[in-house]
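Analysis of the macromolecular model
The primary structure of each chain is shown beneath.
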There are 2 protein chains.
Amino acid sequence: MRTDSEEMDPTMAHEPGAPLRVALLGCGVVGSAVARQLVDHADDLAARVGAPLQLVGIAVRRPQRPRPDVPVDPTLFTADADGLVERADIVIEVIGGIDPARELILRAMAHGASVVSANKALLAEDGPTLYAAADAADVDLYYEAAVAGAIPILRPIRESLAGDDVRRVLGIVNGTTNFVLDRMDTSGAGFAETVEQAQALGYAEADPTADVEGFDAAAKAAILASLAFHTRVSSGDVYREGITEVTAGDIQAARDMDCVVKLLAICERVTGPDGGDAVSVRVHPAMIPRSHPLASVRDAFNAVFVEASAAGPLMFYGRGAGGDPTASAVLGDVVAVARHRVAGGRGPGESAYADLPVVEMGRSRTRYHISLDVADRPGVLAQVATAFAAHDVSIETVRQQAAPGEGERAKLIVVTHAASDAALAATVDALAELESVDDVASVLRVEGA
Amino acid sequence: MRTDSEEMDPTMAHEPGAPLRVALLGCGVVGSAVARQLVDHADDLAARVGAPLQLVGIAVRRPQRPRPDVPVDPTLFTADADGLVERADIVIEVIGGIDPARELILRAMAHGASVVSANKALLAEDGPTLYAAADAADVDLYYEAAVAGAIPILRPIRESLAGDDVRRVLGIVNGTTNFVLDRMDTSGAGFAETVEQAQALGYAEADPTADVEGFDAAAKAAILASLAFHTRVSSGDVYREGITEVTAGDIQAARDMDCVVKLLAICERVTGPDGGDAVSVRVHPAMIPRSHPLASVRDAFNAVFVEASAAGPLMFYGRGAGGDPTASAVLGDVVAVARHRVAGGRGPGESAYADLPVVEMGRSRTRYHISLDVADRPGVLAQVATAFAAHDVSIETVRQQAAPGEGERAKLIVVTHAASDAALAATVDALAELESVDDVASVLRVEGA
Ligand SMILES: NC(=O)c1ccc[n+]([C@@H]2O[C@H](COP(=O)([O-])OP(=O)(O)OC[C@H]3O[C@@H](n4cnc5c(N)ncnc54)[C@H](OP(=O)(O)O)[C@@H]3O)[C@@H](O)[C@H]2O)c1
Ligand SMILES: NC(=O)c1ccc[n+]([C@@H]2O[C@H](COP(=O)([O-])OP(=O)(O)OC[C@H]3O[C@@H](n4cnc5c(N)ncnc54)[C@H](OP(=O)(O)O)[C@@H]3O)[C@@H](O)[C@H]2O)c1
């Protein structure tokens, strides 16, 4: 809501060499690192931009709070974020959440400022409102830090691959869940126990819901899909399954297949119900072969694997979170938008021309790994195979293991060819009904073949 | 050499929606893929740029030659490259080599065209001349495809990391040598035999000199160092050792250390002789631990590992060559420079403000792995250790192996702490002189610890 009357002309040329006024909104994990780097690298930044960057204020909730790790004049801290954004050429939003971040960004742009944000939740929920405002004000809106922290991934997808056709993105974009799954793989421990370890080590929050339930990854998947496919995908469009149901048994089943379990953000070009182009965007745990480049992403690292028609497979790897790494991405964006203000022009705006429908999860196709506890007698395999065939799910391999010490029981491990999620779910229901099947012990999607 | 008088005003605004005229220089491996993609993706490219791209001509040596794989009007082919560049808004140079590529690029820029090139040799030899011409003409000069083919690496270094401090770049930037070293590792075969296999499979040229002697990697190292450190490094500044001397024994020595041998392009910020900032830029084979992300780069793939102060470790992985992958990078650049023509502005120009000296190889510091054939008797280890100490080279580990079947001989394997190349070379000379040392069997640098 603009209330004042003095309007800046955003197209007004920047006076050569004059400082660019930078406002920082938020001074927590990311903001304090941004402030430090702005101060520590002031000379380099000025040389790279062609003009000095002048920090004109830092908006926080508690401006009186001592912040010894932020080496700036304490009078720069203010609770008046609304006022601050009106005095800046560049606004860095690292408050997070939807409100007041959205209002502040809109206000900043309306006053002619370019905006850099790390706010995946906001971009994924309401990106189009922000893009439209950036266009209307003829300013930049950059947000590299919103996905995969320090890893340059949005700029490569948006710019380097702008002449190519991205077919598929598979991302490990949440460090907490990767840490937990990696530990479960190396230690054999269960989910709950491993989350506690992760909390103790600072890799998981006290309330880990946003991470372990896949909400964080889903927001990033929405942003990745929008940019990769030149379309609009918001968090609500993303199918989401977290890792809370992943058991030590699933991890062991993956090991037996020479696979690891990862929480993946998956964006794919697919054929829609009407035969036209569409996209599938989903977050769920999946087995991937140990030979896949994503399999060796350990600890809390992130990586994004991209397949493009001409470029072929690409992978981008690095730290997905943390104050300094995230601030590196923020400052890369700050230099870019600052250069545009010095030299004229803007970076690429939203490109949603392809306007592709998002298919429902039932139509997404993956391979599946299903482990069944069955009776060990003739005819059981035929019954099981018939259930798959009845739902048009084609079996790639099947392996029978005698269950040790239980003469009449066995384990059947079935890996399917790619099938629709709906067909798979129906097959699993039918299997559970079979008299010869004691238990559908584990069902896991398989990706990255 | 400009000879005509009608000059285009490069700052002349682009008429909204009017096509941008694209000239293609060269139609070989890369050029033919570029032409195909320009045609096949015309609609997508127009949507992403905001104006259609119109191919106005293709300059080749032999315009009459039938090119059935290039789906364009045959009258577009011309031998008159000089004339063609004067009729274009965007010139794509994929001829290669120094001349006439340099003259054509300069002529194109003088006529107001932006230029996209894949020419690492030219950029590494004479980049500053081209940058100066781009500045003078106020046009873009982009060359993502010149390093690591399809992998977006120059844009991330130049733009995404513009707010950070790059400390070190370790790149596998030559597919041929990576293929050869990877095969030597898996097969145990020697260099010459493996190069023949690579030639038979199309991974090495009939004359493999540029690849196996490290010239290609050295050009890429110069470009990477210039961008990463905001300074000027040309191919001539790069210390270069190829892989022709790498033996099956070296590869085995690496295996014994749980390492692999890779040809690395290394760019490092170091302290210069005067105590000031400087850079070390070099290409040589080196052992790296199998646990390092670069170690799992197989076949002819490329990858670039970057360490930045705030971002931490990053890795970029993908195909380093081939028509389609390289064309993907070229077209990404074409879209960027085309957008600038539509919307106004330019991308980041040369940034050589840091102007850092390149240290000579003798001052570069690495760890070393040295394998010695020695007499197996008391006092030998003391003699060897003394030779290291005399040159101020500190030993990290030493391991003695009895040489099987040779009672009085043994193998000593020494790994040093980081030491200057000059000190190391002097140590090796001194070791070779020792009466108890039969042979300095292998000397390999160790990186990526
Ligand atoms: N942390 C990471 O590793 C990471 C990585 C990638 C992206 N991000 C994104 O970066 C953003 C910031 O994350 P963070 O971890 O730095 O958050 P944080 O540590 O919780 O910091 C939030 C900051 O915003 C300030 N703030 C909160 N409400 C405010 C309001 N109404 N007005 C003004 N200031 C307000 C807080 O002030 P006080 O200091 O006074 O409380 C605090 O300084 C989020 O969008 C997050 O998703 C974070
Ligand atoms: N190949 C790769 O995988 C790769 C990867 C990264 C970068 N690059 C770089 O891309 C560039 C091109 O490589 P390439 O492999 O495509 O080369 P190429 O297959 O040898 O093609 C060279 C093209 O240039 C034309 N040409 C040569 N001299 C000319 C002249 N004086 N005037 C006009 N046209 C001339 C040739 O015409 P004719 O067809 O009539 O002979 C041919 O079409 C080089 O700079 C290379 O370093 C290549």
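Below is a summary of the structure that appears in this document. Nothing here was measured: the structure is a model prediction, and the numbers come from that model.

About the criteria used
- Residues numbered from 1 in each chain as written.
- Chains lettered and ligands numbered in written order.
- Predicted model: local features only at pLDDT ≥ 70, side-chain atom pairs only at ≥ 80, totals over all residues.
- Heavy atoms only, no water.
- Phe/Tyr/Trp six-rings, centres within 6.5 Å; stacked < 30°, edge-to-face > 60°.
- Helix = DSSP H or I, 4+ residues; strand = E, 2+ residues; numbered from the N terminus.
- Buried < 20%, exposed > 50% of the residue type's maximum accessible area, 1.4 Å probe, protein only.
- Lys NZ or Arg CZ within 6 Å of the ring centre and 35° of its normal.
- Pairing = 2+ DSSP bridges.
- Axes fitted to C-alpha atoms, helices over the stretch in contact; angles between N-to-C directions.
- Parallel < 35°, antiparallel > 145°, perpendicular 65-115°, else oblique.
- Contact = heavy atoms within 4.5 Å.
- Nonpolar A, V, L, I, M, F, W, Y, C, P; charged D, E, K, R; others polar.
- Near = heavy atom within 4 Å.
- Polar contact = N/O pair within 3.5 Å; in protein donor to acceptor, adjacent residues only side chain to side chain.
- Areas by Shrake-Rupley, 256 points an atom, 1.4 Å probe, with all protein chains shown as cover.
- Least-squares fit on C-alpha atoms with pLDDT ≥ 70 in both.

1. With respect to the packing of aromatic side chains
Residues and elements named next belong to chain A. Tallied over the entire structure, the rule returns seven aromatic pairs over all chains. Ring centres of tyrosine 131 and tyrosine 143 lie 6.3 Å apart, and the angle between their planes is 40°; this geometry places the pair in the tilted category. Of this pair, tyrosine 131 sits in helix H5 (residues 120–137) while tyrosine 143 sits in the loop between strand S6 (141–142) and helix H6 (154–160), and the two are twelve residues apart along the sequence. On the accessibility criterion, tyrosine 143 (2% relative accessible area) is buried. Where phenylalanine 179 meets tyrosine 203, the ring centres are 4.1 Å apart and the plane angle is 20°; that geometry is what we call stacked. With phenylalanine 179 in helix H7 (residues 175–187) and tyrosine 203 in the loop between helix H8 (191–200) and helix H9 (209–212), the pair connects residues that are 24 residues apart, well separated along the chain. You can call phenylalanine 179 buried: its relative accessible area is 2%. The ring of tyrosine 142 is capped by arginine 158, whose NZ or CZ atom sits 5.9 Å from the centre of that ring.

2. What to know about the sheet that holds strand S2 (residues 53–59) of chain A
Residues and elements named next belong to chain A. Taken in spatial order, the six strands line up as S3-S2-S1-S4-S5-S6 in an open sheet, and their pairing is parallel. Because the sheet does not close on itself, it has two edges, and the strands there are strand S3 (77–78) and S6. Where S2 and S3 come together, two bridges link them in parallel fashion. Paired with alanine 59 across the strands is threonine 78, a residue of S3.

3. Here we look at the sheet that holds strand S3 (residues 77–78) of chain B
Residues and elements named next belong to chain B. Strand order in this open sheet of six strands is S3-S2-S1-S4-S5-S6, and the pairing throughout is parallel. In this open sheet, the two strands that pair with only one neighbour each are S3 and strand S6 (141–142). The pairing of strand S1 (residues 20–25) with strand S4 (residues 90–93) spans four bridges and is classified as parallel. Across the sheet, leucine 25 pairs through a bridge with glutamate 93, a residue of S4.

4. Some details on the packing of helix H7 (residues 175–187) of chain B against helix H11 (residues 248–256) of chain B
Angle between the axes and distance between the axes: these two values describe a pair of packed helices. Residue and element names in this part refer to chain B. At a minimum axis separation of 10 Å, H7 and H11 run at an interaxial angle of 70°. In terms of their interaxial angle, H7 and H11 are classed as roughly perpendicular. Along the contact surface, H7 presents Leu181, Met184 and Asp185, while H11 presents Ala248, Ile251 and Arg255. Looking at side-chain class alone, the contact of H7 with H11 contains four nonpolar, no polar and two charged residues.

5. Structural notes on the site of ligand 2
Residues and elements named next belong to chain B. Close contacts around ligand 2 come from 22 residues, with Cys27, Val30, Arg62, Arg67 and Gly322 the closest. Note that an oxygen atom of ligand 2 is positioned 3.1 Å from one of the backbone N or O atoms of glycine 28. Measuring from an oxygen atom of ligand 2, one finds a backbone N or O atom of valine 30 at 2.8 Å. Within the complex, 78% of the 910 Å² of free accessible area of ligand 2 lies under protein. A per-class count over the shell around ligand 2 returns eleven nonpolar, six polar and five charged.

6. With respect to the relation of the copies chain B and chain A
Taken as rigid bodies, chain B and chain A are interconverted by a rotation of 180° and an axial shift of 0.0 Å, the fit giving an RMSD of 0.0 Å. Here the copies are linked by what is in effect a two-fold axis. When the interface residues of chain B are mapped onto chain A, 100% of them again fall at the interface, so both copies present the same face.

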